[in-house]
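# Structure assessment
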Amino acid sequence: MTNWVEIDRLAKLWVKEAGSRIKASMQEGLSIETKSNPNDLVTNIDKETERFFIEKIQSTFSDHHILGEEGQGEEVTSLDGIVWIIDPIDGTMNFVHQKRNFAISIGIFENGVGKIGLIYDVIHDELYHAIKGEGAYMNDILLPPLKDVEIEKAIVGINPTWAIESPYFDAKPFARLVRDVRGTRTIGSAALELAYIASGRSDAYVTLRLAPWDYAAGCVLLDEVGAVYSNIHGERLTFLDKNSIVAGNRSICEKILHDYIKGSGNKK
Ligand code: IPD
Ligand code: CA
Ligand code: CA
């Protein structure tokens, strides 16, 4: 029998400890490299934080699997068993340039089902936390179910890239959405965008390409506040490949999918 209470207790403890280590590291110089393009940054602290979790998990739960952004765990090709989906620092560009608005994001899944979600906004010391079926919390305060919000009164998280005309995707629906909503925000951390929806600070998030470690924890939080999420075709998200995302309360997601994105030229 899996002891979820113990997994949860340790996961929280490790996330807080990792957060303290990240904070302490900010007094020292960072070693910054680029990955897929010159704006895709990774630092020594991203890698050290991922290694910290891998060591803790492997020495405590030897049968658990780890899918981490920096790829220092194993190569995970299935979600069978218990899988920790880890983004050691989500919002690395913010971490490097702004020293705020980045988060540790950990989703713990069992046979493909999200059981625990942890998103820790290190600088603001805000821990968003959910256990499947037991509610979502921000620093131990229960988050209420989401209320419906009209699109005209909605704050929507969107990366401006998607609203700029491009030969690679159809930006028109996003430009229209930006025009119609009350306001748009770009935090620069997908995990925090989802945590903000769960905590009512934002009403929706739309983006065309994220990896599972960006949204695994957020999806567990969203389930607990009655939010919905899908790719831009309204299909279920998968947790091994990249996906587009529309997330928020049910009515706003249905409107975005139906009135804005449906029929546009965007593939995924
Ligand atoms: C990035 C952030 C960003 C999103 C990017 C992600 P990283 O994650 O979540 O908000 O727009 O697509 O790659 O690289 O900072 O972990
Ligand atoms: Ca990320
Ligand atoms: Ca990252």
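Residues numbered from 1 in each chain as written. Chains lettered and ligands numbered in written order. Predicted model: local features only at pLDDT ≥ 70, side-chain atom pairs only at ≥ 80, totals over all residues. Heavy atoms only, no water.

As recorded by an unreviewed UniProt entry, the chain carries the name inositol-phosphate phosphatase and is attributed to Bacillus safensis. For the record of the chain, the UniProt heading Cofactor (unreviewed entry) holds the text "Mg(2+)". The record in UniProt for the chain states the following under Catalytic activity (unreviewed entry): "a myo-inositol phosphate + H2O = myo-inositol + phosphate". (UniProt positions renumbered as here; feature names shortened; annotations may be inferred.)

What follows concerns the coordination of the calcium ion (ligand 3). At the metal site, the calcium ion (ligand 3) is ligated by Glu 69 (OE), Asp 87 (OD) and Ile 89 (O), and these contacts range over 2.1 to 2.3 Å. For the calcium ion (ligand 3), all donor residues lie on one chain, and their spacing in sequence is E-x17-D-x1-I. Taken as an interatomic distance, the gap from the calcium ion (ligand 3) to the calcium ion (ligand 2) is 3.7 Å; Asp 87 donates to each of them. Here the residue Glu 69 occupies a position in the loop between β3 (65–68) and β4 (82–90), and Asp 87 occupies one in strand β4, the gap between them amounting to 18 residues. The exposure class assigned to Asp 87 is buried, which follows from its relative accessible area of 0%. (Donors = N, O, S within 2.8 Å, 3.2 Å for Na, K, Ca; no water. Helix = DSSP H or I, 4+ residues; strand = E, 2+ residues; numbered from the N terminus. Buried < 20%, exposed > 50% of the residue type's maximum accessible area, 1.4 Å probe, protein only.)

The topology assignment puts His 64 in the loop between α2 (44–60) and β3. Reaching out from His 64, the side chain makes a polar contact with the side chain of Trp 84 at a distance of 2.9 Å. Ignoring anything within four residues of it in the chain, the contact list for His 64 reads Ile 7, Ile 57, Glu 74, Ile 82 and Trp 84. (Polar contact = N/O pair within 3.5 Å; in protein donor to acceptor, adjacent residues only side chain to side chain. Contact = heavy atoms within 4.5 Å.)

This next bit is on the coordination of the calcium ion (ligand 2). Donor atoms from the polypeptide that coordinate the calcium ion (ligand 2) comprise Asp 87 (OD), Asp 90 (OD) and Asp 214 (OD), at 2.1 to 2.2 Å from the metal. The sequence motif formed by the donor residues of the calcium ion (ligand 2) is D-x2-D-x123-D.

This part is about the side chain of Asn 101. Note on placement: Asn 101 falls in the loop between α3 (92–97) and β5 (103–110). Judged by its relative accessible area of 19%, Asn 101 falls in the buried class. Excluding residues within four positions of it along the chain, Asn 101 makes contact with Asp 90, Asn 94, His 124, Ile 187, Ser 189 and Leu 192.

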